[in-house]
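# Chains, contacts and geometry: an overview
Given next are the chains, with one letter for each unit.
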Amino acid sequence: MALTPDDVVTKQFQHVRFKDGFDPDEVDDFLDEIVIEWRKALEENVELKAKLAAYESGAAPEAAETTAAAPAAPVVTEAPAAPVAEAPAEPAPSGSATATAGIIELAQRLHDEHVAEGEAKRNQLIADAENEVNRIRTEAEAKQREEAARLERERNTLEARITELRNFERDYRSQLRGYIEGQLRDLDEKSASTDSTPVSAIGL
């Protein structure tokens, strides 16, 4: 089926996610210009075809009127009529076909540019997302190492504190034992001295 200006006007494009693409207003304006030029080309084509048909239908009378003054005209009227009528028939369709092909090529190029820009935008988004993931992963690993180092320092501090408390407990127990044993020895000595003292010495 041949492509018409109305096909360009009513063409609907699907929206693509995660792609910005071209500005829809600019695309619409440019397509409007294409449609205007295309319609002009089609109108010129129709006008040329109408002129050609009118020329072919009125070729014999016009040739007779133009050749009435010349004596050799009746012989020449039929021969040049055919080539003169056929000559404009070829450029008219070829010009319209060229204009149509140019419009289609332009629309195809616009479509290709739109697709290329969408792919470039997609690749850029993917690259940005990968960079963001790498950045987040690097930050998370750095925080994890920092947190592990902090916990290691706290563990070493706690272990040193525990060792210090154990040494304090051991020294305290040792001192307490020595004090108690000293008190017990003093009691034993006092008790022994009391037992060895005569009864008269204590006033009995």
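Nothing here was measured: the structure is a model prediction, and the numbers come from that model. (Residues numbered from 1 in each chain as written. Predicted model: local features only at pLDDT ≥ 70, side-chain atom pairs only at ≥ 80, totals over all residues. Heavy atoms only, no water.)

With that settled, consider the overall build of the chain. Along its length, the chain carries six helices and zero strands. When the elements of the chain are put in sequence order from the N terminus, they spell out α-α-α-α-α-α. When the 204 residues of the chain are sorted by exposure, 11% land in the buried category. A sequence separation of at least 24 residues applies to 87% of the contacts in the chain between residues at least 6 apart. Split by element, the accessible area of the chain, about 16,600 Å² in all, is 58% carbon and sulfur. (Helix = DSSP H or I, 4+ residues; strand = E, 2+ residues; numbered from the N terminus. Buried < 20%, exposed > 50% of the residue type's maximum accessible area, 1.4 Å probe, protein only. Contact = heavy atoms within 4.5 Å. Areas by Shrake-Rupley, 256 points an atom, 1.4 Å probe, with all protein chains shown as cover.)

All right, on to helix α2 (residues 24-57) then. The terminal C-alpha atoms of α2 lie 49 Å apart, and with 34 residues this matches the ideal 50 Å at 1.5 Å per residue to within 8%. Turning to α2, its buried residues are Val-27, Leu-31, Ile-34, Val-35, Trp-38, Ala-41, Asn-45 and Leu-52. (Expected span 1.5 Å × (residues − 1).)

Residues Asp-25, Glu-26, Asp-28, Asp-29, Asp-32, Glu-33, Glu-37, Glu-43 and Glu-44 make up a contiguous surface patch of negative charge. Inspection of the secondary structure assignment puts Glu-43 in helix α2. Glu-43 sits in the exposed class, given a relative accessible area of 55%. (Patch = residues over 30% accessible without salt bridge, like charges linked within 9 Å, V, L, I, M, F, W, Y side chains within 5 Å. Salt bridge = Lys/Arg side-chain N within 4 Å of Asp/Glu carboxyl O. Lys, Arg positive; Asp, Glu negative; His and termini not counted. Charge placed at Lys NZ, Arg CZ, Asp CG, Glu CD.)

Before going further, it helps to spend a moment on a nonpolar patch on the surface. Side chains of Phe-168, Tyr-172, Leu-176, Tyr-179, Ile-180, Leu-184 and Leu-187 sit close together on the surface and give an oily, nonpolar patch of about 760 Å² of accessible area. Its place among the elements puts Tyr-179 in helix α6 (residues 91-196).

On to the nonpolar core, then. Listed in full, the eight residues of the largest apolar core are Val-8, Val-27, Leu-31, Ile-34, Val-35, Trp-38, Ile-103 and Leu-110. Secondary structure elements with two or more residues in this core: α2 and α6. The element contributing the most residues to this core is α2, with five residues. Among all residues touching Ile-34, those that are not within four sequence positions of it are Ile-103 and Leu-106. (Core = buried A, V, L, I, M, F, W, Y, C linked by side-chain atoms within 4.5 Å.)

By themselves, these are just geometric observations and shouldn't be taken as functional.
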